[in-house]
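# Architecture at a glance
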Amino acid sequence: HVLAAIERECHQQNLTMLYTAIEQIDRSVIEALPPILFDKRVDGVLIIGALLPDTILKTAGHIDRPVVLVDGNASADQPFDKVLTDNIQGAYTAVSYLIQQGHTKIGLIGTSPDAHPSIVERREGYIRALRQHQITDVYIEDGGLGRHTGYDSTIRLLQTFPEITAIFASIDHVAIGALNAVEDLGLKV
């Protein structure tokens, strides 16, 4: 959706969008910048959903055109504009909504302490919402970000803590896995 919106805006501005994948080491960490980013015909660069280690940041700093990070992370002292999601507030709002609906036993899946920063921030929002509402029971099943891990995490979480009445999933793929697991357990959403 992000790329489609960018392409649509470029088209309206009479610009041509070039798209290239960037090799990643793990968890969205960029390994190297593609040479096209340094091409003189490129007017600007959007880097979407990536973590930029210091070595790459130094290289990106030599691009003599605007660089904008979209849902990407770099150290605060880097001279790049950023368009970021407020993951903490978003998770806080979602979990607070569940609490307002009467849920006090709320699980969290699709997260881990060493995950991508946006996932760690969602975890923080979940915990913050529980604390703000004086809920001390925290139910976290760490796992990956795929449908299968969402499914497996939900099964483990609900088998270990059957008192859970709501689950907050960190991303859509995990939520779809959770929905499938809940259905297979004979529960309703």
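To be clear, the structure that these remarks concern was listed above.
Below: a short report on this structure.

Thresholds applied
Residue positions within a chain follow its written sequence, with the count starting from 1. For a predicted model such as this one, the threshold for reporting local features is a pLDDT of at least 70, and the threshold for listing and counting side-chain atom pairs is 80 or more; totals across whole chains, interfaces and linings nevertheless cover every residue. Excluding hydrogens and water, the side-chain figures rest on all heavy atoms present in the structure. Only runs of H or I of at least four residues qualify as helices and only runs of E of at least two qualify as strands under DSSP, and these elements are numbered from the N terminus. Contacts described as polar in this section are N or O atom pairs within 3.5 Å, which, within protein, must combine one atom able to donate a hydrogen with one able to accept it, while residues neighboring in sequence count only if both atoms come from side chains. Working rule for contacts: check all heavy atoms of both residues, and any pair within 4.5 Å makes them a contact. The length a helix should cover is 1.5 Å for every residue beyond the first. Summary of the burial criterion: residues with accessible area below 20% of their type's maximum are buried, those above 50% are exposed, and those between are partly exposed, where the area comes from a 1.4 Å probe applied to protein chains only. Put simply, buried Ala, Val, Leu, Ile, Met, Phe, Trp, Tyr and Cys residues joined by side-chain atoms within 4.5 Å make one nonpolar core. Two strands are counted as paired when DSSP detects at least two bridges linking them. Whenever a helix is involved, its axis is fitted only over the stretch in contact; in every case the axis is a line through C-alpha atoms, and angles between N-to-C directions fall within 0 to 180 degrees.

## Some thoughts on the side chain of Ser112
- Within the fold, Ser112 resides in the loop between strand 4 (106-109) and helix 4 (117-132).
- Engagement of the side chain of Ser112 in a polar contact is seen with the side chain of Asp114, the distance being 2.8 Å.
- The contact partners of Ser112, leaving out residues within four places of it in the chain, are Val120, Arg123 and Asp142.

## Focus: helix 5 (residues 147-160)
- Along its 14 residues, helix 5 runs 20 Å from first to last C-alpha, staying within 8% of the 20 Å computed at 1.5 Å per residue.
- What helix 5 keeps buried is the set Gly150, Ser153, Thr154, Ile155, Leu157 and Leu158.
- Buried-residue contacts for helix 5 involve strand 4, strand 5 (139-141), strand 6 (166-169) and helix 6 (172-184).

## Comments concerning the side chain of Asn87
- Its location among the elements puts Asn87 in helix 3 (residues 87-100).
- Residue classification places Asn87 among the buried positions, given a relative accessible area of 5%.
- Within the structure, Asn87 has its side chain in polar contact with the side chain of Glu121 (distance 3.0 Å).
- Among the polar contacts made by the side chain of Asn87, one reaches the side chain of Arg122 at a distance of 2.8 Å.
- With residues up to four places along the chain from it excluded, the contact list for Asn87 reads Ser118, Glu121 and Arg122.

## Description of the nonpolar core
- Membership of the largest hydrophobic core comes to 22 residues, with the highest contact counts inside it found for Val95, Ile99, Ile106, Ile109, Tyr126, Leu130 and Phe168.
- If you tally residues by element for this core, the top one is helix 3, at five residues.
- Setting aside residues no more than four positions away along its own chain, Leu130 makes contact with Val95, Ile99, Ile106, Ile135, Asp137 and Val138.
- Among the nonpolar cores identified, the runner-up in size contains 10 residues, and Val42, Val45, Leu69 and Phe80 belong to it.

## Some thoughts on the sheet that holds strand 6
- Pairing in this open sheet of three strands is parallel, and the strands run 5-4-6 from one edge to the other. Two strands lie at the open edges of the sheet, namely strand 5 and strand 6, each paired on one side alone. Each adjacent strand pair in this sheet contributes to an overall mean axis angle of 25°, direction not counted.
- As judged from the three bridges shared by strand 4 and strand 5, these two strands associate in the parallel manner. When the bridges of strand 5 are listed, Gly107 appears paired with Tyr139.
- Helix 3 contacts strand 4 and strand 6 of the sheet and is inclined by roughly 170° relative to strand 6.
- Contacting strand 4, strand 5 and strand 6, helix 4 crosses the sheet at an angle of about 170° to strand 4.

By themselves, these observations are geometric and do not establish any function.
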